[in-house]
Amino acid sequence: MGSFDKEINRRRTFAIISHPDAGKTTLTEKFLLYGGAINLAGSVKGKATARHAVSDWMEIEKERGISVTSSVLQFEYDGFCINILDTPGHQDFSEDTYRTLMAADSAVMVIDASKGVEAQTRKLFKVCAMRGIPIFTFINKLDRDANDTFELLDDVEKELGIATCPINWPIGSGKAFKGVFDRKSESIYTYSDTQKGTKEGETKIVSIHDEAAMKAEIGDEAEEKLLEEIELLDGASSEFDIDLVRAGKLTPVFFGSALTNFGVEIFLKHFLEMTTSPLPRKSEEGTVEPTEDDFSAFVFKIQANMNKAHRDRIAFMRICSGKFDAEKEVRHVQGNKVMRLSQPQQIMADERKILSEAYAGDIIGVFDPGIFSIGDTVCAPKMKVKYEGIPTFAPEHFARVRQIDTMKRKQFIKGITQIAQEGAIQIFQELNTGMEEIIVGVVGVLQFDVLKYRLENEYNVEIRLDMLPYEHIRWIENKDIDVAKLTGTSDMKKVTDLKGRPLLLFVNSWSIQMTIERNNGLVLTEFSRD
Ligand code: G4P
């Protein structure tokens, strides 16, 4: 047991996921409001200002109205210290999302009650499911005409394949939305209408066993309907089981309206009780408990040029154990170097705060002089730990990239290498040609635009991208093989990655099979292993 248990145990670190426009930002704003972190809703994302100031290089965000960077928010509420990780909403960023989720202990999934499960919810959910992290569902926008509540639950179960357990239940929807019924306390919570931006209106709590008070509060018709639905619900829904929730097999469901602030605080309260304090992490040496004395963390995200004026690169780390003390030295395991982390900071929506200490569960951003890679471990100098790496997703789109002005070769190589180190793209070279021919691989095609944009704006290099027909990538596991002598199909391409590992590109899966058959003992993998 460490000496910081109290600090660590009150931490809750989670990600928020949703299809764009479901209300993720509005809900986050309301959370912050309860925590007293901001005075007026709206200051997290004053659409054109705060949020975009964080990443002014990402003009594309503005142009396309998507959020491609993720940020971290920390606030206090009811004795808890809460870290919220915002996840990029666009479909092309599943890889970044996956990394962000590596740093979270649970996820809140926001769904629009009039739309149900949408395309992006499905994708993000899949990424959460891959990690097996607990998922809490907030069905939002009940102040608008919503789909039938049972149908909404059915939709989540069928579309996402996870059992649901409503923790509360909406009373009406649209103009008739009055509040929620809390199953645990067997009471209804009704809310008075609040102006956008005010913290809370009046909340009334009435027991459902007090028929007269119920009728007086929500009217005869709504009372009857609610009692009917409760009866149906008790017969039909899954029982609440915290173990199933923690295993990511059952999602507690809450209803409300982030905009009018109905059902937000009751959700936050239940959620904070149900979700966990920072979880232990797997390392090559075994499981590391968050309350261990020694500090350890892993890098889950690297972002360059968050501040154009400074041209800096920030490595985001999730602290896995102990306490971070800015005065103390740490060891970067992969680089085998002892150092002081430079400018440790907490990145809030539009400001950075220099930190002197932080605890397991917290996220810190440190200045990265170009030494960190995604998945790296940083720990107390004497500690022996190396966290399991974050898998690299196999790119599915490839293009040959050339700089238009040949005089700018140096900037081009520097820029493309730095962007690749951040993990936004992967770069490959044709076997034995060095940096002559560069091939870029991405998980989603939007990354090509991002690459082009960033090279132009940050490195002043214009590029041309020629699309290549490859769709499959395989790393070669065999250490003793002469890659030059491999015989494949005519459409196969031999390349090496940034670390010099050989790999093969294929147009279709049939070619992969043929190549394996033609080369005795050849072992191909879809993931690169460090
Ligand atoms: P996102 O981060 O998930 O993309 O969604 P965001 O919170 O930005 O919300 C998207 C739109 O939905 C916003 O409207 C927001 O006001 C609205 N919204 C969020 N929660 C609720 C809710 O509970 N009920 C209703 N009726 N609307 C909600 P907008 O017009 O696009 O932006 P704005 O001009 O209001 O900021």
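One can find the structure itself at the top, above this paragraph.
Read on for a plain summary of the structure. Predicted model, so just to flag it, every value in this text is computed and none were measured.

Thresholds applied
- Residues numbered from 1 in each chain as written.
- Predicted model: local features only at pLDDT ≥ 70, side-chain atom pairs only at ≥ 80, totals over all residues.
- Heavy atoms only, no water.
- Pairing = 2+ DSSP bridges.
- Helix = DSSP H or I, 4+ residues; strand = E, 2+ residues; numbered from the N terminus.
- Contact = heavy atoms within 4.5 Å.
- Axes fitted to C-alpha atoms, helices over the stretch in contact; angles between N-to-C directions.
- Expected span 1.5 Å × (residues − 1).
- Buried < 20%, exposed > 50% of the residue type's maximum accessible area, 1.4 Å probe, protein only.
- Arc of directions from axis to C-beta.
- Core = buried A, V, L, I, M, F, W, Y, C linked by side-chain atoms within 4.5 Å.
- Domains from an automatic or database assignment.
- Parallel < 35°, antiparallel > 145°, perpendicular 65-115°, else oblique.
- Left-handed = near helix turned anticlockwise from the far one by under 90°.
- Nonpolar A, V, L, I, M, F, W, Y, C, P; charged D, E, K, R; others polar.

**As for the sheet that holds strand E24 (residues 397-403)**
Logical step 1: Strand order in this open sheet of eight strands is E27-E24-E26-E25-E29-E30-E28-E31, and the pairing throughout is antiparallel. With partners counted over all chains shown, the strands left at the sheet margins are strand E27 (463-468) and strand E31 (524-525), one partner each.
Logical step 2: With four bridges joining them, strand E28 (residues 472-476) and strand E30 (residues 502-506) adopt antiparallel strand pairing. Residue pairing for E30: Ile-473 is matched across the bridge by Leu-505.
Logical step 3: Lying over the sheet, helix H12 (residues 409-421) contacts E24, strand E25 (426-430), strand E26 (438-442) and E27, oriented at roughly 155 degrees with respect to E24.
Logical step 4: On top of the sheet, helix H14 (residues 509-518) reaches E28, E30 and E31; it is set at about 135 degrees to E30, its chief contact.

**What about the sheet that holds strand E7 (residues 168-171)?**
Logical step 1: On the basis of which strands lie adjacent, the open sheet formed by four strands has the order E7-E8-E9-E10 and antiparallel pairing. Each edge of the open sheet is held by one strand with a lone partner, namely E7 and strand E10 (203-207). In this sheet, adjacent strand axes meet at a mean angle of 25 degrees when their direction is disregarded.
Logical step 2: Direction of pairing for E7 relative to strand E8 (residues 179-182): antiparallel, over a ladder of four bridges.

**What about helix H6 (residues 119-131)?**
Logical step 1: The terminal C-alpha atoms of H6 lie 19 Å apart, and with 13 residues this matches the ideal 18 Å at 1.5 Å per residue to within 8%.
Logical step 2: Of the positions making up H6, those classed as buried are Gln-120, Thr-121, Leu-124, Phe-125, Val-127 and Cys-128. Angular distribution of buried residues about the axis of H6 spans 160 degrees; they occupy a single face of the element. Counted as exposed and oriented over 90 degrees from the buried face of H6: Lys-126 and Met-130.
Logical step 3: In the stretch just after H6, Gly-132 is the one whose phi turns positive, near 65 degrees.

**Points about the nonpolar core**
Logical step 1: Grouped together as the largest cluster of nonpolar side chains are 84 residues, with contacts concentrated most on Ile-188, Leu-226, Met-317, Leu-341, Ile-364 and Phe-372.
Logical step 2: Per-element tally for this core: the top contributor is strand E15 (residues 313-321), with six residues.
Logical step 3: Residue contributions to this core reach at least three from each of two domains, namely domain 1 (8-274) and domain 2 (281-379).
Logical step 4: Formed by 29 residues, the second largest nonpolar core is a distinct cluster that contains Phe-14, Ile-82, Phe-138 and Cys-165.

**Considering the environment of Asn-336**
Logical step 1: Looking at where Asn-336 falls in the secondary structure, it is placed in the loop between strand E17 (330-332) and strand E18 (337-339).
Logical step 2: The exposure class of Asn-336 is exposed, given its relative accessible area of 58%.
Logical step 3: Asn-336 sits 42 residues away from Val-378 along the chain, and the two C-alpha atoms are 9.6 Å apart.

**Points about the packing of H12 against helix H13 (residues 446-459)**
Logical step 1: Between H12 and H13, the shortest axis-to-axis distance is 10 Å and the interhelical angle comes to 125 degrees. Regarding the angle of H12 to H13, the classification is oblique. Crossing geometry of H12 relative to H13 is assigned as right-handed. Of the residues in H13, those touching H12 at Gln-411, Phe-412, Gly-415, Ile-416, Gln-418 and Ile-419 are Leu-451, Arg-454, Leu-455 and Tyr-459.
Logical step 2: Here the residues of the contact of H12 with H13 sort into six nonpolar, three polar and one charged.

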